[in-house]
Amino acid sequence: MSDPSTQLIHHAYTPPAGFDAVPPAVYKASTVIFPSVAALRNHDWKHKTGYTYGLHGTPTTFTLEERIATLEGGKFCTLVPSGLAAVVLVGMALLKTGDELLIPDNAYGPNKAFAHAELVAWGISHQFYDPMNPADLAAKLSPKTRLVWLEAPGSITLEFPDLPALVAAVKAHGQTHAQGIVTALDNTWGAGLAFNAFTLGVDVSVQALTKYPSGGADVLMGSVVTNNEALHHLIHFCHMRVGYGVGGNDVELVLRGLNSMTLRYAAQDAATRQLASWLQSQPQIAAVLHPALAGLARSRNLEAGLHGRGLPFQRCVQARLHAGAD
Ligand SMILES: Cc1ncc(COP(=O)(O)O)c(C=O)c1O
């Protein structure tokens, strides 16, 4: 069961007796009725052992959370209404006034915009670092640093950083301070298929399920996965306070998309490699940005980071035109 294409189709789910259908049922709820006031008061809010209110989970959302956690090789998953909401939830759950976060300079733009606007207003500072230079990250870590974002490949430039070196720089620094530093990866491009974030030492992996898991360009959703129970509780309780619930119909679309994700991912990888090499031969094109193009540092880091998952990389390709070209 270690192959992701198998994990994504066959997963722990118990259908009602006598109805052994392949897809899990879609449950929708706001209010959930407790059998007694005592049962409500005695409920364990810390662990997802039961149902309390639709916002906090249904059998359908719990099924998707389990599947995404399994896909990523993590233990705990929290679903949110978009990929950006996943980035924002991590910041809200882990940062407080006086903290600083570090963001790769090629990160997804709205991650930077949230830091510029809301986090600055809440007294939380940030610095950008060059993800292709682990020494630059190391130099910017300070006793104020609480969160370090990673992205592989980075949005727009599609540079693939040396993730183990970046994580090692953070861990080396974290050991000298009482307060640990959390590393969070925006794993939207890797989708939990290209490499395993947790074997690389990352603490939190975030995805826009909007992209590969959904696959249909018709749903917005995000996930926050971790192996660390203490971090999960911070994220889970913040999630309950800010009302970031997801709807059953949207979850159904993502569950459906997961069945074909490994096939789509491989097909998109083949298509973008072909597109990238065609673009390279075009006279108007000044540069083609693709994480797997041979000979580049980003490509070597990508191969080093794959760690035996064996799945290729993926649909992203960018081209820069020569000045004046159409
Ligand atoms: C790398 C990355 N992270 C996060 C997001 C945000 O996802 P969503 O559109 O679901 O908010 C995107 C969306 O384009 C993205 O490309």
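Report on the accompanying structure. These numbers were taken from a predicted model, which means no experiment stands behind them.

Let us look at the sheet that holds strand 2 (residues 100-104). Strand order in this open sheet of 7 strands is 1-7-6-5-4-2-3, and the pairing throughout is mixed. Each of the sheet's edge strands pairs with one partner strand only, and the pair in question is strand 1 (76-80) and strand 3 (125-129). Sheet twist, expressed as the mean angle between neighbouring strand axes with direction ignored, is 20°. Its contacts with the sheet place helix 8 (residues 229-242) against strand 1, strand 5 (182-186), strand 6 (204-208) and strand 7 (222-226), and it is angled at close to 20° to strand 1.

This brings us to the pairing of strand 5. Judged by how many residues are buried, strand 5 sits mostly within the fold: 5 of 5 residues are covered. Side chains of strand 5 alternate between two faces, with Val182, Ala184 and Asp186 and Thr183 and Leu185 buried alike. With 3 bridges joining them, strand 5 and strand 6 adopt parallel strand pairing. Across the sheet, residue Leu185 finds its bridge partner in strand 6, namely Ser205.

The omega angle of the peptide bond from Ala152 to Pro153 is -5°, so this bond is cis rather than trans. Secondary-structure assignment places Pro153 in the loop between strand 4 (145-151) and helix 7 (163-174). With a phi angle near 55°, Leu158 is a residue other than glycine that sits in the positive phi range. Mapped onto the secondary structure, Leu158 falls in the loop between strand 4 and helix 7. By the C-beta count within 10 Å, which is 23 here, Leu158 ends up buried.

On to the environment of His236. With respect to the helices and strands, the residue His236 is situated in helix 8. Among the residues examined, His236 registers 23 C-beta atoms within 10 Å and is labelled buried. In the structure, His236 is positioned 195 residues away from Arg41 in sequence and 19 Å away in space, judged by C-alpha atoms.

A word on the nonpolar core. If you look at the biggest cluster of nonpolar residues, it comprises 73 residues, and the most contacted ones within it are Leu89, Val90, Trp149, Leu150, Ala184 and Val224. Per-element accounting of this core gives the leading share, 10 residues, to helix 4 (residues 83-94). In contact with Val90, not counting residues within four places along its chain, are Ala184, Val204, Val206, Val224 and Ile235.

As a further point, take the packing of helix 4 against helix 8. Following both chains from N to C, one finds helix 4 and helix 8 inclined at 105°, their axes separated by 9 Å at the closest point. As the angle between them shows, helix 4 and helix 8 are arranged roughly perpendicular. Contact residues: Leu89, Val90, Met92, Ala93 and Leu94 in helix 4; Leu234, Ile235, Cys238, His239 and Val242 in helix 8.

Note: α-helices contain 3.6 residues per turn, so residues at a spacing of three or four share the same orientation. Look at helix 10 (residues 261-280): 28 Å from first C-alpha to last across 20 residues, which is about the 28 Å you get at 1.5 Å a residue. Regarding helix 10, the residues found buried are Met261, Thr262, Tyr265 and Thr272. Buried residues of helix 10, seen end-on, are gathered within an arc of 90° and therefore sit on one face of the element. Helix 10 presents Leu263, Ala267, Ala270, Ala271 and Gln274 as exposed residues on the side facing more than 90 degrees away from its buried surface. Structurally, helix 10 contributes buried residues whose contacts are with helix 1 (4-7) and helix 9 (248-258).

Let us now look at the site of the ligand. As a structural note, the neighbourhood of the ligand is formed by Ser82, Gly83, Leu84, Tyr108, Ser155, Asp186, Thr188, Ala208, Thr210, Leu220 and Gly222. Partitioned by chemical class, the residues of the shell around the ligand number 4 nonpolar, 6 polar and 1 charged.

The next point concerns the packing of helix 4 against helix 5 (residues 109-121). Axis separation between helix 4 and helix 5 bottoms out at 10 Å; the angle between their running directions is 45°. Taken as axis vectors, helix 4 and helix 5 run oblique relative to one another. As helix 4 runs across helix 5, the sense of the crossing is right-handed. Contacts between helix 4 and helix 5 involve Leu84, Val87, Val88 and Gly91 on the former and, on the latter, Pro110, Asn111, Phe114 and Leu119. Residues of the contact of helix 4 with helix 5, tallied by class, amount to 6 nonpolar, 2 polar and no charged.

Calculation notes
- Residues numbered from 1 in each chain as written.
- Predicted model: local features only at pLDDT ≥ 70, side-chain atom pairs only at ≥ 80, totals over all residues.
- Pairing = 2+ DSSP bridges.
- Helix = DSSP H or I, 4+ residues; strand = E, 2+ residues; numbered from the N terminus.
- Axes fitted to C-alpha atoms, helices over the stretch in contact; angles between N-to-C directions.
- Contact = placed C-beta atoms within 7 Å.
- Buried ≥ 20, exposed ≤ 12 C-beta atoms within 10 Å, placed from the backbone.
- Core = buried A, V, L, I, M, F, W, Y, C linked by C-beta atoms within 7 Å.
- Parallel < 35°, antiparallel > 145°, perpendicular 65-115°, else oblique.
- Expected span 1.5 Å × (residues − 1).
- Arc of directions from axis to C-beta.
- Near = placed C-beta within 6 Å.
- Nonpolar A, V, L, I, M, F, W, Y, C, P; charged D, E, K, R; others polar.
- Left-handed = near helix turned anticlockwise from the far one by under 90°.

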